[in-house]
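# Close look at the chain arrangement
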Amino acid sequence: MTELYATAIFLFVLFALLGSSVWIGLALMGVAWVGMELFTSRPAGDAMITTIWTGASSWTLTALPLFIWMGEILFRTRLSQDLFRGLAPWMRMLPGGLLHTNIAGCTLFAAVSGSSAATLTTVGKMSIPELRKRGYPEYMIIGTLAGAATLGLMIPPSLTLIVYGVTINESITKLFMAGIFPGLVLSSLFMAYIIGWHYLRKDERPEPEPSMTFAEMFKESRFLIPVMVLVFTVIGSMYFGWATATEAAAVGVLGSLALATIQRSLTWETFSASLMGATRTSAMIALILMGAAFLSLAMGFTGIPRALASWIDTMNLSPIALIAVLTVFYLVLGMFMDGLSSVVLTMAIVEPMIRQAGIDVIWFGIFLVVVIETAQVTPPVGFNLFVLQGMTQHEISYIAKTAIPMVGLMLLMVVILVVWPELATWLPENIRGQ
Amino acid sequence: MNDWASVLGVPLWGWLFVLPIMVAALCYFFQAPAKRLLTPVWRFLDRLYLASGALAAAFMVIILVIIVLQMIARWSSISFQGSTEFAGYAMAATSFFAFAYALNRGSHIRVSILLNINNFTRKWVDAYAILIAAVTATYFARYAVKTNFMSEILNDRTQGQDQVPEWLLAFVSMFGTWPTNWGELWATVGSEWVYTPVWLPQLPMSLGTILLAIALWDNLFRLLINGESNIKGEAVE
């Protein structure tokens with residue numbers, strides 16, 4: 001009974017603090033403090049700092065600021081223009097035409113950046129005006145972009161996966177590898193949707209693009225080669241075991257600095273802006289992680305996670321039913337919170353549950369990312385919607401409506417992951433050099 | 001050990017929590033004089049926040065350097081002892097030093113549904129949220145400082161293989177004592193390398209959390225005086 005009582009108090013304080021717009025990291029600390037004072041006799045403050053210090057100075061966490069920095073550097077280069085120019089010649093041949101640059105651009109940028117907002121901005125900055133100019137329907141431009149930008153969270157490097165890996169003490173390299181195939185499958189689903197639109201809504205097709213010779217196509221896309229090299233170096237070095245996730249991130253930072261130098265877009269301004277931007281984002285995530293670390297300590301003392309895990313166990317839920325319940329749970333949570341916070345907030349409870357149910361935690365990380373991605377494009381709180389609103393001046397409700405088919409495809413992706421879990425688990429189990 | 005022992009006859013919580021709240025009340029009731037008094041303080045604090053952010057950025061570059069050196073060392077089979085610990089310390093420093101700066105640039109996220117209802121809630125829900133956050137951050141800072149002091153008193157050493165030169169410890173210690181003791185401090189310093197005492201990497205935690213608490217109280221005062229806080233650019237980046 002104590003657990004039930006404790007749960008009620010935790011939830012109440014949590015919603016009171018989060019709802020009154022206290023910053024998430026500090027709100028979590030507040031909740032944890034209340035829990036410690038009410039349910040344990042341990043000195044709350046000392047326990048808090050010990051936990052926070054251990055987490056904040058951990059080696060695994062160092063991958064986080066470096067991957068953020070890498071994305072920030074590339075975000076400030078000419079990559080935005082280059083992505084569109086380089087991809088357009090190849091995409092024009094596909095049914096659905098240049099709309100595919102949204103998907104391919106997001107997939108490619110996702111492989112150098114771990115955030116979906118950055119992916120969205122980089123790709124959208126160029127593709128929205130260009131696609132509008134060519135007369136593609138607005139709802140397709142916005143919708144496909146909103147959906148595809150979520151790939152930023154899935155294709156490595158991914159900030160959400162780093163945070164997940166740090167929270168549950170699993171290898172970040174394995175999680176990154178697990179994200180690759182599901183990310184590619186999801187992007188093919190988006191492309192299939194565009195192809196479907198091309199054949200079903202014939203009257204909406206814009207004028208076909210003038211044809212180009214192969215030589216011209218290569219000439220246009222030569223700028224993409226350095227980016228591709230960077231992508232393969234970063235991901236390849238992890239796959240072949242040459243570098244840990246953190247080292248791969250360091251290579252990524254150096255590589256993107258070199259890339260920016262070659263493009264002549266590396267000035268002192270862009271360098272310091274990227275560094276300061278990365279510092280801010282990494283501090284934001286660090287504060288949330290600290291709050292979450294203290295909260296899981298406090299919850300551990302109350303015994304809620306264990307009680308919940310054994311309760312789930314007695315219910316004899318099949319893993320599939322558990323996954324279905326968790327999908328709904330995360331979708332609802334994601335309506336009010338951003339993805340990172342909902343991961344760190346729930347892992348203390350959910351981790352023992354899934355381990356008890358015998359679900360692979362690496363697979364679960366990928367599942368979680370897909371569900372959270374979906375929540376990024378559902379109102380009222382969806383980061384991608386906010387970013388797109390800023391870029392296009394459309395109403396949130398309009399943008400959300402255009403993204404509905406994408407939400408459907410992402411839910412389909414969840415089903416695919418459940419039916420073929422190997423999609424996520426095969427690559428991490430076959431990493432070289434272990 | 002009593003965590004809230006009296007300082008100058010007032011328990012510590014009085015200084016840390018009640019006093020700032022009283023100042024906030026004064027700021028609200030005497031807006032014009034408070035503004036006159038605090039404007040030079042604000043100018044100083046704004047520079048301090050930025051400087052702390054720049055320091056955090058410097059530590060991020062240090063993480064990069066440590067990791068690159070570690071890779072080079074591994075390829076050339078030289079040992080770089082304690083590289084992972086050093087990278088961890090730099091990571092902590094990056095996070096803690098950047099807190100206040102990130103706060104003022106609107107980077108820390110929160111659920112802003114209530115905040116965005118109308119102008120009244122925008123001001124008063126914000127004031128309430130900042131107050132709660134400031135109290136939490138002050139508590140955080142108080143225990144960070146306590147832990148930092150305890151590490152020093154207990155002479156807590158690192159669990160890893162990382163070592164630092166003694167002169168570095170002496171140099172940092174100079175800031176924690178009166179100049180009259182400096183001669184004595186340096187007289188005992190050898191040229192040895194010693195296992196890192198935990199208080200050294202914990203210093204950024206103390207300083208960063210103190211600055212975060214100050215920044216939050218500062219924002220509360222500014223909100224009550226000017227009708228808007230110092231948190232600018234809450235746009236998604």
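You'll find the structure just up there.
This is a predicted model, so every value here is computed, not measured.

### Things to note about the overall build of chain B
A tally of regular secondary structure across chain B gives 7 helices and 4 strands. Ordering the α and β elements of chain B from the N terminus gives β-β-α-α-α-α-β-α-α-β-α. Oriented by its inertia axes, the alpha-carbon framework of chain B measures out at about 65 × 45 × 30 Å. Counting across all 237 residues of chain B, residues that qualify as buried make up 47%. Looking at chain B alone, contacts between residues at least 24 apart form 79% of all its contacts between residues at least 6 apart. In the form shown here, chain B has an accessible surface area of approximately 12200 Å², with 68% of it arising from carbon and sulfur atoms.

### Observations concerning a nonpolar patch on the surface
Residue and element names in this part refer to chain B. Taken together, V7, L8, V10, W15, L19 and V23 make up a surface patch of nonpolar side chains, about 500 Å² in accessible area. The leading source of residues in the nonpolar patch is helix α1 (residues 12–29), at 3 residues. Structurally, L8 is set in the loop between β1 (6–7) and β2 (10–11).

### Considerations on the pattern of salt bridges
What the rule picks out here adds up to 15 salt bridges over all chains. Note that R134 of chain A and E130 of chain A form a salt bridge whose closest N and O atoms lie 2.8 Å from each other. Members of the salt-bridge network, linked through shared partners, are D46 of chain A together with D3 and K146 of chain B.

### Notes on the side chain of T121 of chain B
Residues and elements named next belong to chain B. Residue position: T121 is located in helix α4 (residues 119–153). Taking relative accessible area as the criterion, T121 reaches 13% and is therefore assigned buried. Within the structure, the side chain of T121 is placed 3.1 Å from the backbone oxygen of L114, a separation counted as a polar contact. Once you skip the residues sitting within four places of it in the chain, T121 turns out to touch L114, L115 and D126.

### Describing the packing of aromatic side chains
In this structure the tally under the stated criterion is 25 aromatic pairs over all chains. Of the aromatic side chains, those joined through ring pairs into one cluster are W33 of chain A together with W4, F17, Y139 and Y143 of chain B. The residue whose ring lies beneath K125 of chain A is F75 of chain A, and the NZ or CZ to ring-centre distance is 5.0 Å. Seen from the ring of Y143 of chain B, R142 of chain B lies directly overhead, with NZ or CZ sitting 5.6 Å from the centre.

### Looking at helix α14 (residues 268–302) of chain A
In this model α14 of chain A runs 51 Å from its N-terminal to its C-terminal C-alpha over 35 residues, within 8% of the 51 Å that 1.5 Å per residue would give. A positive backbone phi angle near 80° is found at G303 of chain A, which sits one or two residues after α14 of chain A.

### Notes on the interface of chain B and chain A
On the side of chain A, 57 residues touch chain B, which itself brings 59 residues to the contact. Both faces combined, the contact of chain B with chain A buries some 5000 Å², and carbon together with sulfur accounts for 78% of it. Where chain B packs against chain A, one counts 2 salt bridges. Summed over the shared surface of chain B and chain A, the result is 9 residue pairs in polar contact (both at pLDDT 80 or more). Only α2 (31–75), α3 (83–104), α4 and α7 (199–226) of chain B provide two or more residues apiece to the side of chain B that touches chain A.

### Some thoughts on the environment of T158 of chain B
Residue and element names in this part refer to chain B. Its location among the elements puts T158 in the loop between α4 and β3 (163–165). In this structure T158 comes out as buried when scored by relative accessible area, which is 15%. It is 6.0 Å that separates the C-alpha atoms of T158 and P197, two residues lying 39 residues apart in sequence. Ignoring sequence-local partners within four residues, the contact set of T158 consists of E85, Y89, Y195, T196 and V198. Engagement of the side chain of T158 in a polar contact is seen with the side chain of D162, the distance being 2.8 Å.

Criteria and thresholds
- Residues numbered from 1 in each chain as written.
- Chains lettered and ligands numbered in written order.
- Predicted model: local features only at pLDDT ≥ 70, side-chain atom pairs only at ≥ 80, totals over all residues.
- Heavy atoms only, no water.
- Helix = DSSP H or I, 4+ residues; strand = E, 2+ residues; numbered from the N terminus.
- Buried < 20%, exposed > 50% of the residue type's maximum accessible area, 1.4 Å probe, protein only.
- Contact = heavy atoms within 4.5 Å.
- Areas by Shrake-Rupley, 256 points an atom, 1.4 Å probe, with all protein chains shown as cover.
- Patch = residues over 30% accessible without salt bridge, like charges linked within 9 Å, V, L, I, M, F, W, Y side chains within 5 Å.
- Salt bridge = Lys/Arg side-chain N within 4 Å of Asp/Glu carboxyl O.
- Polar contact = N/O pair within 3.5 Å; in protein donor to acceptor, adjacent residues only side chain to side chain.
- Phe/Tyr/Trp six-rings, centres within 6.5 Å; stacked < 30°, edge-to-face > 60°.
- Lys NZ or Arg CZ within 6 Å of the ring centre and 35° of its normal.
- Expected span 1.5 Å × (residues − 1).
- Buried area = accessible area lost by both parts, 1.4 Å probe.

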